Structures are given as C-alpha cells and as structure tokens.
Amino acid sequence: MSAPAPSTHLSVNVNKVALLRNTRHIGIPSVERIATICLEAGAHGITVHPRPDERHIRAHDVHDLAALMQQWPDREYNIEGNPTQNLMDFIRAVRPHQATFVPDSEDQFTSDHGWDLDSAANRQHLQKLIAECHGLGVRVSLFMDAETAPMAQAKALGADRVELYTEPYAAAWAGNDVAAKEQQLQRFACAAQAALDAGLQVNAGHDLSLDNLTPFLKAVPGVSEVSIGHALMAEALEMGYAATVKAYLQRIAAAA
C-alpha cells in the first residue's frame, strides 16, 4: 500500500462526501469507503474539518477515519478546525499526524481568512495549544493569508507549518486577467519563501483544482502538501474518485 513520495503531497479532504451522506439516513456515500479509494489511488493523506454543527464531518467520522488510517501507516491524517471550538477534543483523542488550526467562526460558511497574529490574545492562545499538540506528538499548521510579515511570528509561536489560504489565487485564475494571476502567484511565492526562510514548512489549500494546481506549484516554492476537497469531489463526479486522485498526482508531478 505504499505510494510514491513526490515533493508535494496530496491530502484529500472528504468533508463533501459527508455532506452528501448527511442528506439521507442510510449511510451512503461512505466516508471511509471514499477515503480508502483515494488512498488506494495514491493519495498521501486524508483531511477532515469537523465543524461544531456537524453539517458534514461528524464526530464518529473522525474516529472511524483514525481507525482506518491505522491500516495505512505511511499516510497522513490531518484534522483541521478552530482550536477554540471542538478541534482540541479530537486532537487529544485521536492524535493525528497533523492539526491545522483555522480561525473560523462557528457559523462560518467556509474558511475565508488566515490567523491575525498581530492579536496578542491570538498569539497567547495559539502558543499554548501548539505546545499541547507537540506534547501529544502532533504537528501543527496554521492557516494563513499569503503575507510575508506574519511568518516569523508563526514560527515564534511554535508552528511547524503554515497552510496558505489559496482562494484569492483560485479566484484570479478563474478570471481572464493575466496580470491578476501573475500578481497572485508572486504574492504566494513571496509568502511561501518567507515561511521557508523562517524555518516553516508550507502547505496550501482552498479552491485548488486540476486546472490551477500545476501553475501554482511551479511558481510557489517548497510546497510540502496541498489539501484539496471541493474541486476534487466535483471532478470525481465526472471522472470517478480513483481517476481524479491519479489526475491530481499527475498535475503535481508535472510541476516538479
């Protein structure tokens, strides 16, 4: 069950599988089954974002997937969410490979901004929780906007990685303004380099897709992992899960 290890790993976010399942009461599609298909196709990890309202991933999914991932010791389990809400209980119980801290409010539609590290309250709280995760053997990634200045602050708090919030790049890519695309790529490249210079590893995610992934990885240095959910699930409706995961791996390889 081993998979190749390119410079950038693919973690599949299965939230939208759970969202579809939750519209009925018969347990399909199975989150575990889809996660297994993705892992068999070569995905390097599985990501979940269990929100307090359980509108997609539910508490039992977090535990069921943790048990599944025990069968894939060379793959990674990433749990993301706001550590001031329900995230830390899952981290303490499951001890995933990675915890991604995201500053979402409880009623937020989707993640749409990174941490404000100019806030002393945020810094104090994050530093404490990052230290707790490290004590549990869990790597911590902070969800961040593509700005250079906060990267040294993230490192000082003890973070291991940052996940760059890529929706602004994806939105520019969807338009016809070539200058806007180049501007966003330069912005993300500078942010990633600042993170690397600070001693952090770099993840990226939000609205990355088969169309825009390769140019992003070519332009942005040192991306260790991309977490992709919505676009991958939409593309899988046409291509199938296994074929879609393999297509993403090809896009990653094309950027190397």
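Because the structure is predicted, anything quoted here is derived from the model rather than measured.

## Things to note about the overall build of the protein
Part 1 of the argument: Counting its regular elements, the protein contains 11 helices and 8 strands.
Part 2 of the argument: For a compact globule of 256 residues, the expected C-alpha radius of gyration is about 18 Å, and the protein comes in at 17 Å, within 12% of that figure.
Part 3 of the argument: Residues classed as buried in the protein amount to 53% of the 256 residues present.
Part 4 of the argument: Relative to all contacts within the protein whose residues are 6 or more apart in sequence, the contacts with residues 24 or more apart total 67%.
Part 5 of the argument: Split by element, the accessible area of the protein, about 11,100 Å² in all, is 51% carbon and sulfur.
Part 6 of the argument: Computed over 20 positive and 30 negative side-chain charges, the inter-centroid distance for the protein is 4 Å.

## Thoughts on the environment of A195
Part 1 of the argument: Looking at the secondary structure, you find A195 in helix α8 (residues 178-197).
Part 2 of the argument: Relative accessible area serves as the criterion here: at 0%, A195 is assigned to the buried category.
Part 3 of the argument: Distance in space between the C-alpha atoms of A195 and A154 is 8.6 Å, their sequence separation being 41 residues.
Part 4 of the argument: In this view, A195 contacts M151, V162, L200 and V202; residues no more than four positions away in its chain are not counted.

## Quick word on the confidence of the model for the protein
Part 1 of the argument: On average, residues of the protein carry a pLDDT of 94, and 95% of them reach 70 or more.
Part 2 of the argument: Here residues 1-5 is a poorly scored stretch, pLDDT under 50, and it has 12 contacts once near neighbours within four places are set aside; other chains count.

## Thoughts on unusual backbone geometry
Phi is mostly negative for residues that are not glycine, and the peptide bonds are mostly trans.
Part 1 of the argument: With an omega of 0°, the peptide bond running from I28 to P29 counts as cis.
Part 2 of the argument: With respect to the helices, strands and loops of the structure, P29 is situated in the loop between α1 (15-21) and α2 (31-40).
Part 3 of the argument: Its identity as a non-glycine residue notwithstanding, R95 has a phi of 55°, on the positive side.
Part 4 of the argument: If you trace the backbone, R95 turns up in the loop between α4 (87-94) and β4 (98-101).
Part 5 of the argument: A positive phi angle, near 125°, is found at H206, a position not held by glycine.

## So, the nonpolar core
Part 1 of the argument: Counting residues in hydrophobic clusters, the biggest one holds 77 residues, and the most contacted among them are V12, V14, F101, L142, F216 and V226.
Part 2 of the argument: Residue contacts for V12: discarding those within four places in its chain leaves C38, A43, G45, I46, T47, I228, L232, M233 and V245.

Criteria and cut-off values
Residues numbered from 1 in each chain as written. Predicted model: local features only at pLDDT ≥ 70, side-chain atom pairs only at ≥ 80, totals over all residues. Heavy atoms only, no water. Helix = DSSP H or I, 4+ residues; strand = E, 2+ residues; numbered from the N terminus. Rg over C-alpha atoms; globule rule 2.2 N^0.38 Å. Buried < 20%, exposed > 50% of the residue type's maximum accessible area, 1.4 Å probe, protein only. Contact = heavy atoms within 4.5 Å. Areas by Shrake-Rupley, 256 points an atom, 1.4 Å probe, with all protein chains shown as cover. Lys, Arg positive; Asp, Glu negative; His and termini not counted. Charge placed at Lys NZ, Arg CZ, Asp CG, Glu CD. pLDDT = per-residue confidence, 0-100. Core = buried A, V, L, I, M, F, W, Y, C linked by side-chain atoms within 4.5 Å.

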